[in-house]
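Survey of secondary and tertiary structure
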Amino acid sequence: MPHVRSECAACGGQLREFLNLGSSPLADRFPLKPGGEGPAYPLAAAYCLDCSLAQLTCVVDDAELFGEDYGFRTAGSPSLVSYYQQWADDALKLAGGPVPVADIGCNDGTLLRHFRAAGCPVLGVDPSVAGLDAVAAGIELYPQVFTPAVAKQIREEQGSFRLVTAINVAAHVQDPADFLRAVRILLDDEDGLAIIEFQDLEYLIAGCMFDHVYHEHRFFYSAATFGHVAAVAGLSLVQYTHTPGQGGSIRAVLKRSRDVMDFMVPVSRLASIQGLAGLQRRAEFSRDVLLELLDRPGVVAGYGATAKSATLLNYCNIGPDLVPYVEDTTPGKIGRFTPGTHIPIVGPGEHRLPDIFLLLAWNYLGDILRRETVFTGLGGKFIIPGPVPFVI
Ligand code: JHZ
Ligand code: ZN
């Protein structure tokens, strides 16, 4: 059963709620039959008045979140496979060539396959069923939640690593400082680099990307709050860059710290209690505009049964009456239903083209427009959900 956080997970400080989206079922569980997704749980986020860390207040256990029905596979998105290729190339430039890599939250091993192809010895850690796809690809896997105890075990059995990577994992952990302590344990004492990418809270606020809020995302970091947790865990943030991942992410490069932090993180411009205060109203406004846009003649289909779409569709109460089907490229999602809203998920091209697509994978807008020229050439339109829904 989920538990409700009454104090900050990082410092024990007082929490103030800034966003309440009602309740929603788990976002990455796509039932075979409507109703098979399990219960809906409260979905609300709060901000720590002491250390500023933004976090979910209803915490679902790892075993339930990442259980047998966990539906996300990195390789399911063509755009993500190429993003990870570039990511691996960039990481190896920083590391100075092929080095041993451990990827935390490796999912189906997409990133590690790129590293392996570049000549790196690789190892994955992932507690979800998606890790079995990595094993099938011949990748050595620790199928556990990554904790300091697991990191010690890996270091004893495998030695230290020159490169530790984690993409979109820091948001999913139980305890951010413990997660980064575990990363520190794996890192080579002298030359070890950790490269960790996470969605940037400042972009979430600016772009009103409230659909990033779902139960897997227990923490929402800015560069400042992430740098702070890293310092607590004995890591220095030596560099960070903004990336387009998930609509705006931060790619942080960390090393084991000596005594002082090598790098001062600027204070967030938007990720403050004042910045967050308007999000609730903006989400409500966005929902109302989206529902007005959907109230039109013609067939509207969903594009991408993303995890994010569970929040958007449930919060806006959009079901098969408004959106009769959603297309998705992930084989394991096809033939299933969206959680809570029970819209059938179909493979690309399985249905006649709709008049308009509701772009649920809006973070790949550029790629999708470049690919869907047949649809747009025939006059097909897209509804883009944010920051205020619009049609192109
Ligand atoms: P994408 C995932 O969220 C899951 P999601 C996870 N919970 C997480 O934290 C974030 O990533 C960071 C489909 N798609 O990458 C394939 C198309 O159908 O935005 C996938 O089902 N056609 C771990 O799910 C889904 O979108 C396309 O052209 O919100 C992936 O969506 C493309 C590009 C994607 O992540
Ligand atoms: Zn705190």
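For the structure, check the block above.
This report concerns the structure included in the present document. (Residues numbered from 1 in each chain as written. Chains lettered and ligands numbered in written order. Predicted model: local features only at pLDDT ≥ 70, side-chain atom pairs only at ≥ 80, totals over all residues. Heavy atoms only, no water.)

The 4 strands are arranged 2-3-4-11 in an open sheet whose pairing can be described as antiparallel. The sheet is open, and its two edges are formed by strand 2 (15-25) and strand 11 (219-220), each paired on a single side. (Pairing = 2+ DSSP bridges. Helix = DSSP H or I, 4+ residues; strand = E, 2+ residues; numbered from the N terminus.)

With that settled, consider the coordination of the zinc ion (ligand 2). Summarising the metal site, the zinc ion (ligand 2) is bound by the protein donors Cys8 (SG), Cys11 (SG), Cys48 (SG) and Cys51 (SG), whose distances to it range over 2.3 Å. Geometry at the zinc ion (ligand 2) is tetrahedral, judged from the 4 donor atoms that bind it and their angles of 100 to 115 degrees at the metal. One chain supplies every donor to the zinc ion (ligand 2), and in sequence these donors are spaced C-x2-C-x36-C-x2-C. Taken together, the residues cysteine 8 in the loop between strand 1 (3-4) and strand 2 and cysteine 48 in strand 3 (residues 40-48) connect sequence positions 40 residues apart. Of the two residues, cysteine 8 and cysteine 48, both sit in the buried class. (Donors = N, O, S within 2.8 Å, 3.2 Å for Na, K, Ca; no water. Tetrahedral: all angles 85-135°; square planar, octahedral: opposite > 155°, others 65-115°. Buried < 20%, exposed > 50% of the residue type's maximum accessible area, 1.4 Å probe, protein only.)

Time to look at the site of ligand 1. In the neighbourhood of ligand 1, 28 residues make up the surrounding shell, with Glu216, Lys308, Asp328, Lys333 and Tyr364 lying closest. Here a nitrogen atom of ligand 1 and a side-chain polar atom of glutamate 216 are 2.7 Å apart. Within the contact set of ligand 1, an oxygen atom lies 2.6 Å away from a side-chain nitrogen or oxygen of lysine 308. Of all the secondary-structure elements, those providing two or more residues to the shell around ligand 1 are helix 2 (78-95), helix 11 (307-316) and helix 12 (365-371). Looking at side-chain class alone, the shell around ligand 1 contains 9 nonpolar, 12 polar and 7 charged residues. (Near = heavy atom within 4 Å. Polar contact = N/O pair within 3.5 Å; in protein donor to acceptor, adjacent residues only side chain to side chain. Nonpolar A, V, L, I, M, F, W, Y, C, P; charged D, E, K, R; others polar.)

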